[in-house]
Amino acid sequence: MLCLSSFLFFSCDTILDLLGSSGGGSPSPSFTESEAVEAMKSALNVGAEASSKQLSQVDAYYSSPLKIPLPPEVESAIKTLRSISGAGDLLGDLSDDLVEKVVLSVNRSAEEAAKEVVPIFSEAITGMTVQDGIGIVKGERDAATVYLKDKTYNQLMKLYQPKMKAVLEKDLIGGVSANSAWETLTGAYNSVVNGGGGLGGAIIGGITGTDVKPVEVDLATYATGKALDGVFIKVAEEEGKIRDNPLDYAQNIIRKVFGAVKGILTN
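The structure displayed is predicted, hence computed values, not measured ones.

Engineer: Just to check I follow, could you spell out the packing of helix α3 (residues 33–55) against helix α13 (residues 252–262) for this structure?
Structural biologist: Between two packed helices, both the angle of their axes relative to each other and the distance between the axes serve to describe the pair. Close contact between α3 and α13 brings their axes to 9 Å; oriented N to C, the two are set at 115°. Viewed along their axes, α3 and α13 form a crossing whose handedness is left-handed. Taken together, the residues of α13 that come into contact with α3 (itself represented by Glu35, Ala36, Glu38, Ala39, Ser42, Ala43 and Val46) are Ile253, Ile254, Lys256, Val257 and Phe258. Looking at side-chain class alone, the contact of α3 with α13 contains 8 nonpolar, 1 polar and 3 charged residues.

Engineer: How should I be thinking about the pattern of salt bridges in this particular structure?
Structural biologist: Side-chain pairs of opposite charge can arise whenever the charged atoms involved come near each other. Applying the stated rule across the entire model yields 12 salt bridges. One salt bridge in this structure joins Glu35 and Lys256, with 2.7 Å as the shortest N-O distance. Residue Glu35 is located in helix α3, and its partner Lys256 is located in helix α13; the two are separated by 221 residues in the primary sequence. Of the residues examined, Lys256 reaches a relative accessible area of 32% and is grouped as partly exposed. The closest approach of N and O atoms between Lys234 and Glu237, which form a salt bridge, is 3.5 Å. Taken together, the positions of Lys234 and Glu237, both in helix α12 (residues 219–244) and 3 residues apart, correspond to about one turn of that helix.

Conventions and cut-offs
Residues numbered from 1 in each chain as written. Predicted model: local features only at pLDDT ≥ 70, side-chain atom pairs only at ≥ 80, totals over all residues. Heavy atoms only, no water. Axes fitted to C-alpha atoms, helices over the stretch in contact; angles between N-to-C directions. Helix = DSSP H or I, 4+ residues; strand = E, 2+ residues; numbered from the N terminus. Left-handed = near helix turned anticlockwise from the far one by under 90°. Contact = heavy atoms within 4.5 Å. Nonpolar A, V, L, I, M, F, W, Y, C, P; charged D, E, K, R; others polar. Salt bridge = Lys/Arg side-chain N within 4 Å of Asp/Glu carboxyl O. Buried < 20%, exposed > 50% of the residue type's maximum accessible area, 1.4 Å probe, protein only.

Here it is as structure tokens:
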């Protein structure tokens, strides 16, 4: 017990050496690099499953810190119009209800698309080749998640975006899809800006002292990026739980590798 408690005062490399030592023999790693990679992939799959389950619940995005707001360009555009004195007629369909309906629709779409996370992550994780697996396993609480995001974010965007596009077309809120609400919102704004051959935007810009342009944000790309950000946050949270309590998980490779790093001897 005294020996085990002393692990807290050693570096990670020393811990790994000590964990693999046998009486009188020379130290050897308590797990191989391939096992470290396998454990990392297993942990990320567990994280993907947990995030999918959590984020596919109603209000998982909409009523949480992960809530997806309107794109900054759109928020700025609406704020610009509303700052003009007597611009009530210009706002037209840009009501608070419509704006909130767009936000709600986008978040509902993200919650619906979260159901598709597991196979997409599994495909990306399976295709990874990791040379520094041990370094990742010994890293920070979210080291595997950060590595995955850095190395496969573009791939995940390509895999996840078609799912998000399909969900954005679904009638999720009062028989209205996110895309339909988005088109109404941006169409109302752009009609004002483009009015008179662009004169509307010039007038508004002159009044507000801002550069007023039509909104040309691709909703699917924006929503996919924000939804994935939420997924990675949840995956990182689960990775932290695995590192803190590896023995709570059924996967033997997680128990062995993350247990060894934490200083827990497992069978």
